[in-house]
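Read off the chains here:
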Amino acid sequence: EVQLVESGGGLVQPGGSLRLSCAASGFTFSSYDMSWVRQAPGKGPEWVSGINAGGGSTDYADSVKGRFAISRDNTKNTLYLQMNSLKPEDTARYYCARDRAKWYSNSDRYDYWGRGTQVTVSS
């Protein structure tokens, strides 16, 4: 059974930092590209960042570029998202998602995702 379990969310003040983790199991983690996706209340899901299977290539949404860093440890089957200089607009539920081998848009990009972890940025 594929499982993705996020952790590390919480309440943080603007300008603060959090590191999210995603523990993966039930599949060959090192064979899959992975993404972080977030969803704010009343909004649709927003792709945040992605990383290729080997961890050598990353990409970010413009809204988080320069502030967030995605990484992975394939020996631990774990995906990370380091979040710095957090802003109130980063408030959302953050999900770890497995990318399909072939996809054409964010609407068909993911085949599994976790339950998410809440990030709230507020003073």
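Here, the structure is the one placed above.
So, how was this worked out
Residues numbered from 1 in each chain as written. Predicted model: local features only at pLDDT ≥ 70, side-chain atom pairs only at ≥ 80, totals over all residues. Heavy atoms only, no water. Phe/Tyr/Trp six-rings, centres within 6.5 Å; stacked < 30°, edge-to-face > 60°. Buried < 20%, exposed > 50% of the residue type's maximum accessible area, 1.4 Å probe, protein only. Lys NZ or Arg CZ within 6 Å of the ring centre and 35° of its normal. Helix = DSSP H or I, 4+ residues; strand = E, 2+ residues; numbered from the N terminus. Polar contact = N/O pair within 3.5 Å; in protein donor to acceptor, adjacent residues only side chain to side chain. Salt bridge = Lys/Arg side-chain N within 4 Å of Asp/Glu carboxyl O.

### Digging into the packing of aromatic side chains
Part 1 of the argument: For the coordinates displayed, the defined rule picks out 2 aromatic pairs.
Part 2 of the argument: Centroid distance Phe27 to Tyr32: 5.4 Å. Interplanar angle 85°. Geometry classified as edge-to-face.
Part 3 of the argument: Residue class for Tyr32 comes out partly exposed when judged on its relative accessible area of 25%.
Part 4 of the argument: Through a chain of ring-to-ring contacts, the aromatic side chains of Phe27, Phe29 and Tyr32 assemble into a single cluster.
Part 5 of the argument: A cation over a ring is seen here: Arg98 above Phe27, with NZ or CZ 4.9 Å from the ring centre.
Part 6 of the argument: Taking the ring centre of Tyr32 as reference, the NZ or CZ of Arg98 above it sits at 4.0 Å.

### Description of the side chain of Ser35
Part 1 of the argument: Along the chain, the position of Ser35 falls in strand E4 (residues 34–39).
Part 2 of the argument: The class for Ser35 is buried, based on a relative accessible area of 0%.
Part 3 of the argument: Only 3.3 Å separates the side chain of Ser35 from the side chain of Trp47, close enough to count as a polar contact.
Part 4 of the argument: Polar contacts involving the side chain of Ser35 include one to the side chain of Asp99, which spans 2.9 Å.

### Some points on unusual backbone geometry
Part 1 of the argument: Even without glycine at this site, Asn77 takes up a positive phi of about 50°.
Part 2 of the argument: As for its placement among the helices and strands, Asn77 is situated in the loop between strand E7 (68–73) and strand E8 (78–83).
Part 3 of the argument: Accessibility expressed as a relative area gives 29% for Asn77, which makes it partly exposed.
Part 4 of the argument: Phi is positive for Ser85, close to 50°, though the residue is something other than glycine.

### Some points on the pattern of salt bridges
Part 1 of the argument: Inspection of the entire model under this criterion finds 6 salt bridges.
Part 2 of the argument: For Asp90, the salt bridge is made with Arg38, and the minimal N-O distance between the two is 3.0 Å. With Asp90 in the loop between E8 and strand E9 (92–99) and Arg38 in strand E4, this pair connects stretches of sequence that are 52 residues apart.
Part 3 of the argument: The salt bridge involving Arg67 is made with Asp90; its shortest N-O contact spans 2.8 Å. Taken as a pair, Arg67 in the loop between strand E6 (58–60) and E7 and Asp90 in the loop between E8 and E9 lie far apart in primary sequence, 23 residues in all.

These values are about where atoms sit, not about what they do.
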